[in-house]
Amino acid sequence: MSAVVVIGTQWGDEGKGKIVDYLAEQADVIVRYQGGNNAGHTVVVNGSEFKLHLLPSGILYKGKTCVVGNGVVIDPAVMIKEMNGMEEKGIDTAGLRVSNRAHVIMPYHRLLDEVEEISRADQKIGTTKRGIGPCYMDKNARSGIRMVDLLDEEEFCAKLKRNLEAKNHLLKAVYGTNGFDFESMKQEYLAYADKLRPYVVDTSAVLNESMKAGQKILFEGAQATQLDLDHGTYPYVTSSHPIAGGACIGAGVGPTKISKVIGVVKAYTTRVGEGPFPTELLDATGDLIREEGHEYGTTTGRPRRCGWLDAVVVRYAGYVSGLDYMAITRLDILDKLPTLKLCVAYKYKGEIINEFPASLKVLDQVEPVYEEMPGWQEPTSHIRSYEELPLNARRYLERLSAVADIAIGIVSVGPGREQTIILHDMF
Ligand code: GDP
Ligand code: IMO
Ligand code: MG
């Protein structure tokens, strides 16, 4: 039995999809455990690009079980569209298993996500407007609709009626928008129920049985540590738990069963949406990284904010998730830079701080303490072993490893499966 968790260490889009796809070859079961279609995981296989929002990246392999766990919030229309898209490309989705305990995103969640953002004005979070936050709000308020409810017409209608009354009142009275019609929403969602019914099961039972049978499980984190509801830059976060501990809650698997945790680290830093970002570059270097790296969101197409690699952020991710290894991605994007800066601490009111601050007021005022390092200025995307990497690239990675106090497990030098350098076995 072996269970490996892959998480994002920064603000998302580190290349989790690529790393999960690479490791999935060795796994029997691949599991999404939190978030929803706010995620955008791009996987490149033999030059073809796949963008996954809700289905685990393991779906691209034949014969794997792919689990969408109880901790995920599911927009059924999006799930069905993604399944159909896969089938059209000749990818079989028969191995998909969807948790009966997962909560369902409803049209009023998407609308509330939009109108709540508008009402926040200059305090807006910059959400993906997919209804993620409002759906988790209902889950926590104990009024949400789960997959098991959706499949039971009587139960679904009762819950929808109660929810619509409250949501329509809120939408009209507070936000001044129109409400929703019960009958059409009921018909729409019961059609989704019919389509998804064959896939819905108790996925915690499935996972525990497969572990008992000695199978290998791979957990695919979405979002990232700094977007975690508890551990991220609150309130500029998502509404779930992307850290490694979230895998246990969001999949129904005990912590004693997790054998390894891998943190994906982009070789620089990006962020989409609002919120603090100490090493952000608002200059030509930031623009250069954005253009070299095509840093535009997979889900919303928004330009990503770009900045230097922040080892304070990575070290923090290391201890909140107990990382065994880093998988460092997109090293090749830095190939042209003459010098690089690595943030090793922050300075606040003249004092050095080594921990990531909880206070946004403090975060706004910290100054990154940089170590400047020479770049390598040669291509790396063809390289297949660690020793062949340019000396300055290895020095950069090793300095990160020393400051963050996490071993290097994988280095990625391109989006393809073959552009992956493995330093340690993960399973
Ligand atoms: P995720 O959300 O963490 O899965 O990351 P995204 O898919 O949103 O963004 C990462 C992007 O980088 C995708 O387009 C990947 O195909 C690509 N990618 C992953 N690893 C590498 C790498 O090492 N080099 C390059 N150039 N691209 C990479
Ligand atoms: P992957 O899995 C980057 C960000 C949004 C916003 C905040 C809250 O591809 O790394 P939400 O819609 O979740 O309520 O938005 O979180 N965000 C992401 N940023 N990558 C993601 O996913 C993200 N998912 C959400 O931009 O700032
Ligand atoms: Mg992404």
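Because the structure is predicted, anything quoted here is derived from the model rather than measured. (Residues numbered from 1 in each chain as written. Chains lettered and ligands numbered in written order. Predicted model: local features only at pLDDT ≥ 70, side-chain atom pairs only at ≥ 80, totals over all residues. Heavy atoms only, no water.)

**Observations concerning the domain arrangement of the protein chain**
Move 1: By the assigned domains, the protein chain splits into domain 1 (2-98 + 200-260), domain 2 (103-196) and domain 3 (264-422).
Move 2: A separation of 37 Å is found between the C-alpha centroids of domain 2 and domain 3.
Move 3: Contact with domain 2, which involves six residues of that partner, is made by five residues of domain 3.
Move 4: Summing the contributions of domain 2 and of domain 3, the shared interface buries around 410 Å²; its carbon and sulfur component is 43%.
Move 5: Linking Lys 124 and Glu 274 is a salt bridge whose minimum nitrogen-to-oxygen distance equals 3.3 Å. (Domains from an automatic or database assignment. Contact = heavy atoms within 4.5 Å. Buried area = accessible area lost by both parts, 1.4 Å probe. Salt bridge = Lys/Arg side-chain N within 4 Å of Asp/Glu carboxyl O.)

**Things to note about the nonpolar core**
One broad trend across soluble globular proteins is that nonpolar side chains are buried collectively.
Move 1: Ranked by internal contacts, the top residues of the largest apolar core, which has 52 residues, are Phe 219, Leu 331, Leu 389, Tyr 396, Leu 397, Leu 400 and Val 411.
Move 2: Two domains each put at least three residues into this core: domain 1 (2-98 + 200-260) and domain 3 (264-422).
Move 3: Apart from the residues lying within four places of it in its own chain, the contact partners of Leu 397 are Ile 328, Leu 331, Tyr 386, Leu 389, Ile 408 and Val 411.
Move 4: Of all hydrophobic cores here, the second largest spans 43 residues; its members include Leu 52, Phe 156, Leu 164 and Val 200. (Core = buried A, V, L, I, M, F, W, Y, C linked by side-chain atoms within 4.5 Å. Buried < 20%, exposed > 50% of the residue type's maximum accessible area, 1.4 Å probe, protein only.)

**Comments concerning the site of ligand 2**
Move 1: Neighbouring residues of ligand 2: 20 residues in total, closest Lys 16, His 41, Thr 128, Gln 223 and Thr 238.
Move 2: Here an oxygen atom of ligand 2 sits 2.9 Å away from a polar atom, N or O, in the side chain of Asn 38.
Move 3: Within the contact set of ligand 2, an oxygen atom lies 3.3 Å away from a backbone nitrogen or oxygen of Gly 126.
Move 4: Taken together, the residues that form the shell around ligand 2 break down as seven nonpolar, ten polar and three charged. (Near = heavy atom within 4 Å. Polar contact = N/O pair within 3.5 Å; in protein donor to acceptor, adjacent residues only side chain to side chain. Nonpolar A, V, L, I, M, F, W, Y, C, P; charged D, E, K, R; others polar.)

**Regarding the coordination of the magnesium ion (ligand 3)**
Move 1: Protein-derived coordination of the magnesium ion (ligand 3) comes from Asp 13 (OD) and Gly 40 (O), at a distance range of 2.0 to 2.2 Å. Placement of the pair is Asp 13 in the loop between strand 1 (2-8) and helix 1 (16-24) and Gly 40 in the loop between strand 2 (29-32) and strand 3 (41-45), with a sequence separation of 27 residues.
Move 2: On the basis of relative accessibility, which here comes to 12%, the residue Gly 40 falls in the buried class. (Donors = N, O, S within 2.8 Å, 3.2 Å for Na, K, Ca; no water. Helix = DSSP H or I, 4+ residues; strand = E, 2+ residues; numbered from the N terminus.)

**Details of the sheet that holds strand 7 (residues 96-99)**
Move 1: A sheet is described by the order of its strands in space; here ten strands give the open sequence 9-7-5-2-10-1-11-15-19-20, paired in mixed fashion. Edge positions in the sheet fall to strand 9 (200-201) and strand 20 (420-422), since each has one partner strand and no second.
Move 2: Of the strand pairs in this sheet, strand 2 and strand 5 (residues 65-68) are connected by four bridges, and their pairing is parallel. From the neighbouring strand, Arg 32 faces strand 5, where its bridge partner is Val 68. (Pairing = 2+ DSSP bridges.)

**As for helix 10 (residues 284-292)**
Move 1: Regarding helix 10, the residues found buried are Gly 286, Ile 289 and Arg 290. Buried residues of helix 10 fall within an arc of 100° about the axis and therefore sit on the same side.
Move 2: Measuring from the side-chain oxygen of the N-cap residue of helix 10 to the backbone nitrogen of Thr 285 gives 3.1 Å; that N-cap residue is Asp 283.
Move 3: A positive backbone phi angle near 45° is found at His 294, which sits one or two residues after helix 10. (Arc of directions from axis to C-beta.)

**Here's the deal with the pattern of salt bridges**
Move 1: Within the structure shown, the criterion is met by 21 salt bridges.
Move 2: Residues Asp 149 and Lys 159 are paired through a salt bridge, measuring 3.5 Å at the closest nitrogen-oxygen approach. With Asp 149 in helix 5 (residues 147-150) and Lys 159 in helix 6 (residues 153-173), the pair connects residues that are ten residues apart, well separated along the chain. Neither residue differs from the other here; Asp 149 and Lys 159 are each classed as buried.

**Considerations on the pairing of strand 4 (residues 48-52)**
Move 1: Pairing geometry for strand 3 and strand 4, over five bridges, is antiparallel. Directly across from Val 44, in strand 4, lies its bridge partner Glu 49.
Move 2: Here strand 3 folds back onto strand 4, and the loop between the two strands holds two residues, one of which, Asn 46, carries a positive phi near 45°.

**Overview of the packing of aromatic side chains**
Move 1: Applying the stated criterion across every chain yields a total of eight aromatic pairs.
Move 2: Ring plane angle 20° and centroid distance 6.3 Å describe the contact between Phe 156 and Tyr 189, whose orientation is recorded as stacked. Here the residue Phe 156 occupies a position in helix 6, and Tyr 189 occupies one in helix 7 (residues 182-196), the gap between them amounting to 33 residues.
Move 3: We classify Tyr 189 as buried; its relative accessible area is 0%. (Phe/Tyr/Trp six-rings, centres within 6.5 Å; stacked < 30°, edge-to-face > 60°.)

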